Amino acid sequence: MGKYEKLFEHILMRRSDANVPFDALCGLLKRLGFEERIKGDHHIFTKEDVEEILNLQPKDGKGKPYQVKQVRDIILKYQIRIGE
């Protein structure tokens, strides 16, 4: 199991949302088919067929817990799987 698969499982299992490295979270979203735009420290992710826009910012090198929850909610709502 690779790094992104482990992170995907970590997020879905609702393990510590405060302990997700920001760079890995961005990498996972790109791996899931999201497109990234960067404006300052805002990383904006969009994906075709996903209504919501994810606007993420790092805090001390980690993703903010509420933003990790938003990522999980979108993954579950749209049943996004790694490798699709």
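These notes cover the structure that comes with them. (Residues numbered from 1 in each chain as written. Predicted model: local features only at pLDDT ≥ 70, side-chain atom pairs only at ≥ 80, totals over all residues. Heavy atoms only, no water.)

1. Overview of the pairing of strand β2 (residues 42–46)
Bridge analysis of strand β1 (residues 35–39) against β2 gives 5 bridges, and the strand direction is antiparallel. Across the sheet, the residue bridging to Lys39 is His42, located in β2. Hairpin connection between β1 and β2: a loop of 2 residues separates the two successive antiparallel strands, and Gly40 in this loop has a positive phi of roughly 70 degrees. In this sheet, strand β3 (residues 54–56) lies alongside β2 in antiparallel orientation, the contact comprising 3 bridges. Bridge assignment links Ile44 to a residue of β3, and that residue is Asn55. (Pairing = 2+ DSSP bridges. Helix = DSSP H or I, 4+ residues; strand = E, 2+ residues; numbered from the N terminus.)

2. Considerations on the pattern of salt bridges
According to the stated counting rule, one finds 6 salt bridges in the structure shown. A salt bridge links Lys77 to Glu52; the nearest nitrogen and oxygen atoms lie 2.8 Å apart. Pair noted here: Lys77 is in helix α3 (residues 65–77) and Glu52 is in the loop between β2 and β3, with a separation of 25 residues, a long-range link. A relative accessible area of 52% means that Lys77 is categorised as exposed. A relative accessible area of 27% means that Glu52 is categorised as partly exposed. (Salt bridge = Lys/Arg side-chain N within 4 Å of Asp/Glu carboxyl O. Buried < 20%, exposed > 50% of the residue type's maximum accessible area, 1.4 Å probe, protein only.)

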